[in-house]
Structures are given as structure tokens and as C-alpha cells.
Amino acid sequence: MYAIKTYNVISNVGLAVFPKDQYVINGEQEPDALLIRSQNLHRGVLPVSLLAIGRAGAGVNNIPLDKASENGVVVFNAPGANANAVKELVIAILIMAARPILPAINWTKSLTNGDAADVTLQAEAGKNHYRGTELAGKTLGVIGLGAVGSKVADMAHQMGMNVIGYDPYISVEHAWQVQSDIPRADSLKEVLEASDYVTIHIPYNERNKNLIGAEELLMMKKGAVLLNYSRNGIVEETAVMAALNVGQLDQYWTDFASDALIKHDKVVVTPHLGGTTKEAEDNCAQMVATTLRKYLETGEIEHSVNYPDVRMPFNSPYRLTLLHQNVPNMVGRVATILADLNINIANMINASRGDFAYTLIDVDQMDDELYHKFEEKCLSIDEMIRVRGIRNAKFNG
Ligand SMILES: NC(=O)C1=CN([C@@H]2O[C@H](COP(=O)(O)OP(=O)(O)OC[C@H]3O[C@@H](n4cnc5c(N)ncnc54)[C@H](O)[C@@H]3O)[C@@H](O)[C@H]2O)C=CC1
Ligand SMILES: O=C(O)CCC(=O)C(=O)O
């Protein structure tokens with residue numbers, strides 16, 4: 001039985017991916033895998049038993065990736081699975097930033113002391129206080145043109161906005177998803193200077209920490225609007241509040257609450273709602289549960305953020321999986337161990353990603369004693385991190 005431990009609310013559609021006769025969810029056993037959303041794993045220790053972490057979402061800044069890689073824990077996310085939900089919320093926020101919909105609704109609800117006709121009159125008389133502007137013809141700068149940013153850019157473009165994108169690290173796949181008539185800025189400065197509205201869709205990491213600070217806010221048009229539906233650490237909070245106080249920035253909309261932000265008049269905070277739709281929660285949980293299950297049962301890696309993606313059809317009765325440092329001659333050393341044990345290799349694949357690498361070896365014969373000898377010899381190699389043997393369920397019985 002495999003053991004899965006969950007944190008946060010994980011959709012049942014995702015949990016249903018794990019057959020009850022093979023998986024225990026939140027039982028007593030030490031976990032083989034964690035299935036999480038925003039749970040902060042930096043604070044605890046990773047259990048020794050842990051083989052994998054599945055993040056039912058896009059951002060992985062809540063996971064200690066270096067520690068996971070060094071311990072041979074493969075981390076998966078669900079790329080793009082909640083992008084439509086974030087796009088729809090961001091478009092709604094853009095509209096609410098241009099039109100004072102929330103204060104107008106609250107004011108209308110406050111109309112009292114009159115009969116029906118009086119309320120109608122008051123509403124008509126007061127509506128000019130809630131005059132807005134239109135998005136069409138205004139310029140939207142989109143920082144990050146990945147799964148979310150490319151969708152936001154396209155939708156805003158369809159709504160008549162002049163969209164300018166900025167993403168110096170864009171993948172080929174996402175580059176194809178952005179309409180060719182959406183211009184790309186060559187620098188952050190260019191996109192900030194050009195835009196009436198700026199929306200950020202990039203991961204939080206060391207490089208992007210405080211990407212938007214006092215200097216960048218000064219590059220923006222006076223009275224511009226900033227949206228942060230990515231992560232709070234990307235925008236320097238004190239700098240943003242200072243820019244709002246002097247009118248350099250007109251509004252700041254963010255999905256990430258903090259004590260200071262929620263008290264500021266010109267900041268509107270939603271409670272991390274970007275991916276909180278039924279569809280997105282189902283998509284994310286299903287995608288990551290499927291990749292977790294595949295990894296546990298076949299060793300194949302898909303959508304990992306710390307180890308290379310590796311696929312190999314599992315057509316032998318037994319598979320050996322090896323997570324190791326990316327150093328020369330690992331495959332040679334493992335092949336020698338197998339040869340010394342008189343085990344024939346039926347199929348093999350090796351791939352690397354940065355400092356780490358992964359090798360899958362299919363063999364036709366294996367028993368517990370032989371496997372233990374193999375494992376012991378492999379783990380005596382300094383750069384070997386984790387060795388696992390998987391029986392092919394198709395050959396059972
Ligand atoms: N509010 C919410 O509930 C949600 C928030 N997010 C956040 O949004 C982020 C983006 O999500 P996705 O679009 O799905 O990820 P993604 O990985 O598909 O796209 C991120 C894009 O940002 C680009 N990028 C990275 N650093 C950059 C920089 N300094 N300047 C410009 N571009 C840069 C990358 O090249 C990539 O194309 C996530 O990492 C997560 O933090 C994602 C989903 C839900
Ligand atoms: O609702 C969630 O699980 C968080 C979504 C999110 O921030 C992400 O996918 O990066």
C-alpha cells in the first residue's frame with residue numbers, strides 16, 4: 001500500500017485517482033507522498049519515507065526545493081491547471097479597478113429612509129460619484145507570459161486594451177500561446193513606463209524577490225494601477241504603500257493579505273482566490289494526483305520542478321529507479337553493479353536537470369535478496385541519492 005498525506009482542501013476528483021485497495025490517504029503509515037496546496041513546507045522536516053510531493057497548483061515557493069532534491073524527493077506541480085481561473089479573476093479585478101463597482105454597490109445598499117421611488121431617485125442622483133473609466137484603449141503591461149499571463153494578455157487584447165508583454169525567459173510552448181500582434185517589451189522599464197495597468201504573473205523565487213520596488217514604481221506612469229496575483233514577496237510592500245500615499249500609484253490590488261496592506265485605503269486585497277474555483281481545484285488535484293500515482297507505480301516523472309521529466313514504457317517485470325547527482329559515469333558504475341550481480345538490462349534511460357539526474361533500468365529478473373545487494377552497492381556510491389525497486393503490477397500472479 002502507498003501512503004498519501006494531504007494538507008489543505010484537496011478536491012475529491014483528485015483523491016479519487018488513488019485506488020482504495022492500493023492507497024491509504026491520511027492513515028497512520030509514514031507518507032510516500034504529500035499532496036498539498038499552499039501548505040508551507042519550509043517550516044517542517046521532510047519525512048525520511050517521502051518519495052514525492054505533489055503541489056495542486058502552479059507556485060512551488062512553499063516547498064523547500066533544494067532540500068527535496070538533495071533528499072531524492074521529486075516535486076510535481078500542475079502547470080496551467082488553474083490558469084483560466086486566475087485569468088478570469090484578474091479580468092474582473094481590472095474591470096473593478098476601472099469602475100468603482102464595489103463602493104457603488106455598498107453605497108446603494110446604504111440608501112435608507114425612503115419609499116421605493118425615493119431610493120430610485122437617490123440612486124440616480126448619486127451615481128455620478130461612481131463614474132468610472134473604460135479599459136478599451138488603455139495600456140496593460142503583463143509581466144510574465146506563462147500559463148496565466150498569456151491568457152490574461154489575450155483576453156485583455158480581445159477587450160480592446162493595448163497589451164504589452166514582458167517575459168525574457170518565456171518557454172517555446174508559451175511563446176506560441178501569446179497572440180503574435182501583442183508586442184513584447186525588451187525590459188521591465190519599457191513595460192512599466194508604457195502601461196496604465198500592470199499585472200504580474202511570475203513565480204516567486206530569489207531572482208524575483210522585490211522585483212517591483214521603489215525604483216520600479218517610479219518608472220510607472222503617475223496614477224497607474226498595479227495588480228499582484230502572483231505572490232506578495234515580488235512587490236515590496238512598504239514601497240508600494242509609499243507610492244500610493246503620494247499618488248504615484250492610484251491603486252494596488254493583490255491576492256495576498258498582510259497586516260499593513262489590509263489597512264491601507266488604496267489597497268484592495270482578495271484572500272488568495274486566484275485558483276479557487278471548482279474547476280481549477282478539480283483540474284489541479286487531478287493532474288498532480290495522476291503524476292504522483294504514475295511516479296509511485298512506474299517511476300516515470302512528468303511535470304516535475306526539480307528532477308528531469310523521464311518517460312519509458314514499463315514492459316518488464318521489474319524496474320530500478322535511481323536518483324543521483326549529475327556526475328560523469330554514474331550509469332557506467334550502475335551497469336557494472338548489475339553485471340557483477342549477473343542481471344541483464346532490458347531497457348534503460350537516463351536524464352539530467354541541473355545538479356541532479358535520474359536513471360530508470362528495467363530488468364527481467366529480480367528477487368528481494370538480489371535487490372538488496374543491488375541497493376546496497378548503489379548506495380555505497382557517494383553521489384547516489386535514492387534507489388527504489390518497483391514490481392510491475394501487470395506481471396503479478
Ligand atoms: N493567486 C493565485 O491563486 C495563483 C497564483 N499563481 C502565481 O502565479 C505564478 C505564475 O503562474 P503561471 O503563469 O501558471 O506560471 P508559468 O510558469 O506558466 O509562467 C510564469 C512565467 O513567468 C516568467 N518569468 C519568470 N520570471 C520573470 C521575470 N522576472 N520577468 C518576466 N517574466 C518572468 C517565466 O518565463 C514564465 O513564462 C505562479 O508561480 C504563482 O506564484 C498561480 C496560480 C494561482
Ligand atoms: O488555491 C491554491 O491552492 C493556490 C493557488 C496558487 O497560488 C498557485 O497555484 O500557485
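Residues numbered from 1 in each chain as written. Chains lettered and ligands numbered in written order. Predicted model: local features only at pLDDT ≥ 70, side-chain atom pairs only at ≥ 80, totals over all residues. Heavy atoms only, no water.

Focus: the overall build of the protein
Broken down by element type, the protein carries 14 helices and 15 strands. Classification of the 397 residues of the protein by burial places 47% in the buried group. Taking the intrachain contacts of the protein between residues at least 6 apart in sequence as the baseline, contacts between residues at least 24 apart amount to 64%. Element-wise, carbon and sulfur atoms account for 51% of the exposed surface of the protein, whose accessible area totals about 19300 Å². Computed over 35 positive and 46 negative side-chain charges, the inter-centroid distance for the protein is 3 Å. (Helix = DSSP H or I, 4+ residues; strand = E, 2+ residues; numbered from the N terminus. Buried < 20%, exposed > 50% of the residue type's maximum accessible area, 1.4 Å probe, protein only. Contact = heavy atoms within 4.5 Å. Areas by Shrake-Rupley, 256 points an atom, 1.4 Å probe, with all protein chains shown as cover. Lys, Arg positive; Asp, Glu negative; His and termini not counted. Charge placed at Lys NZ, Arg CZ, Asp CG, Glu CD.)

Thoughts on the site of ligand 1
The environment of ligand 1 is made up of 29 residues, and the closest members are Ala 147, Val 148, Asp 167, Asn 208 and Asp 255. The backbone of Ala 147 places a nitrogen or oxygen atom 2.8 Å from an oxygen atom of ligand 1. One of the backbone N or O atoms of Tyr 169 is found 3.2 Å from an oxygen atom in ligand 1. In isolation ligand 1 offers 860 Å² of accessible surface; the protein chains occlude 89% of this area. Across the shell around ligand 1, the residue classes tally to 14 nonpolar, 11 polar and four charged. (Near = heavy atom within 4 Å. Polar contact = N/O pair within 3.5 Å; in protein donor to acceptor, adjacent residues only side chain to side chain. Nonpolar A, V, L, I, M, F, W, Y, C, P; charged D, E, K, R; others polar.)

As for helix α6 (residues 147–158)
The end-to-end C-alpha distance of α6, which contains 12 residues, comes to 17 Å, matching closely the 16 Å that a straight helix rising 1.5 Å per residue would cover. Here α6 has its buried residues at Ala 147, Val 148, Gly 149, Ser 150, Val 152, Ala 153, Asp 154 and Ala 156. Gly 160 sits one or two positions beyond α6 and adopts a positive phi of about 95°. (Expected span 1.5 Å × (residues − 1).)

Digging into the UniProt feature "domain: ACT" (unreviewed entry) in the protein
Following the UniProt record, one finds the feature "domain: ACT" (unreviewed entry) at residues 319–392. Taken as a whole, residues 319–392 contains 31% helix and 43% strand, while its terminal C-alpha atoms sit 7 Å from one another. (UniProt positions renumbered as here; feature names shortened; annotations may be inferred.)

Notes on the packing of helix α3 (residues 83–98) against α6
At a minimum axis distance of 9 Å, the contact between α3 and α6 shows a crossing angle of 45°. Here α3 is positioned oblique relative to α6, judged by the angle of their axes. In this structure, α3 crosses over α6, and the sense of that crossing is right-handed. Contact residues: Ala 83, Asn 84, Val 86, Lys 87, Val 90 and Ile 91 in α3; Ala 147, Val 148, Lys 151, Val 152, Met 155 and Ala 156 in α6. Taken together, the residues of the contact of α3 with α6 break down into nine nonpolar, one polar and two charged. (Axes fitted to C-alpha atoms, helices over the stretch in contact; angles between N-to-C directions. Parallel < 35°, antiparallel > 145°, perpendicular 65-115°, else oblique. Left-handed = near helix turned anticlockwise from the far one by under 90°.)

Looking at the nonpolar core
Grouped together as the largest cluster of nonpolar side chains are 31 residues, with contacts concentrated most on Phe 76 and Tyr 295. Elements supplying a minimum of two residues to this core: β3 (33–36), β5 (74–76), α12 (278–298) and β14 (356–363). Shared between two domains, this core takes at least three residues from each, and those domains are domain 1 (1–77 + 277–307) and domain 3 (312–396). Judged by nonpolar contacts, the second largest core, of 27 residues, contains Leu 94, Met 161, Ile 182 and Trp 253. (Core = buried A, V, L, I, M, F, W, Y, C linked by side-chain atoms within 4.5 Å. Domains from an automatic or database assignment.)

Examining the site of ligand 2
Lining the immediate surroundings of ligand 2 are Arg 37, Ser 38, Arg 55, Gly 57, Ala 58, Gly 59, Asn 82, Arg 231, His 272 and Thr 276. A total of 300 Å² of accessible area belongs to ligand 2 in isolation, and the protein chains cover 91% of it. The residue makeup of the shell around ligand 2, split by class, is one nonpolar, six polar and three charged.

Side note on the side chain of Ser 316
In this fold, Ser 316 is placed in the loop between α12 and β12 (318–325). Not counting chain neighbours up to four residues away, the residues in contact with Ser 316 comprise Ala 346, Asp 362, Val 363, Asp 364, Asn 392 and Phe 395.

Notes on the pattern of salt bridges
For the coordinates displayed, the defined rule picks out 14 salt bridges. A salt bridge links Lys 294 to Glu 302; its shortest N-O distance comes to 3.1 Å. Classification of Lys 294 by relative accessible area gives partly exposed; the value is 22%. A salt bridge links Lys 373 to Glu 369; the nearest nitrogen and oxygen atoms lie 3.7 Å apart. A residue pair is termed a helical-turn pair when its members lie 3 or 4 positions apart in one helix, as Lys 373 and Glu 369 do in helix α14 (residues 368–379) at four residues. Judged by relative accessible area, which is 39%, Lys 373 ranks as partly exposed. On the basis of relative accessibility, which here comes to 57%, the residue Glu 369 falls in the exposed class. (Salt bridge = Lys/Arg side-chain N within 4 Å of Asp/Glu carboxyl O.)

Some points on the sheet that holds strand β10 (residues 249–254)
If you trace the six strands from one edge of the open sheet to the other, you get β7-β6-β8-β9-β10-β11, paired in parallel fashion. At either end of the open sheet lies a strand with only one pairing partner, and these are β7 (162–166) and β11 (267–269). Across the sheet, the axes of successive neighbouring strands diverge by a mean angle of 15°, strand direction being ignored. Bridge count between β10 and β11: three bridges; the pairing is parallel. Within β11, the residue paired with Trp 253 across the bridge is Val 268. (Pairing = 2+ DSSP bridges.)

With respect to the packing of aromatic side chains
Taken as a whole, this structure holds eight aromatic pairs when the rule is applied. Seen from their ring centres, Trp 107 and Tyr 130 are 5.4 Å apart, and the 35° between their planes marks the pair as tilted. Taken together, the residues span a long stretch of sequence, with Trp 107 in helix α4 (residues 101–110) and Tyr 130 in the loop between α5 (116–126) and β6 (139–143) at a distance of 23 residues. Since its relative accessible area comes to 22%, Tyr 130 is described here as partly exposed. Chaining the aromatic ring pairs together yields one cluster made of Tyr 2, Phe 18 and Tyr 23. (Phe/Tyr/Trp six-rings, centres within 6.5 Å; stacked < 30°, edge-to-face > 60°.)

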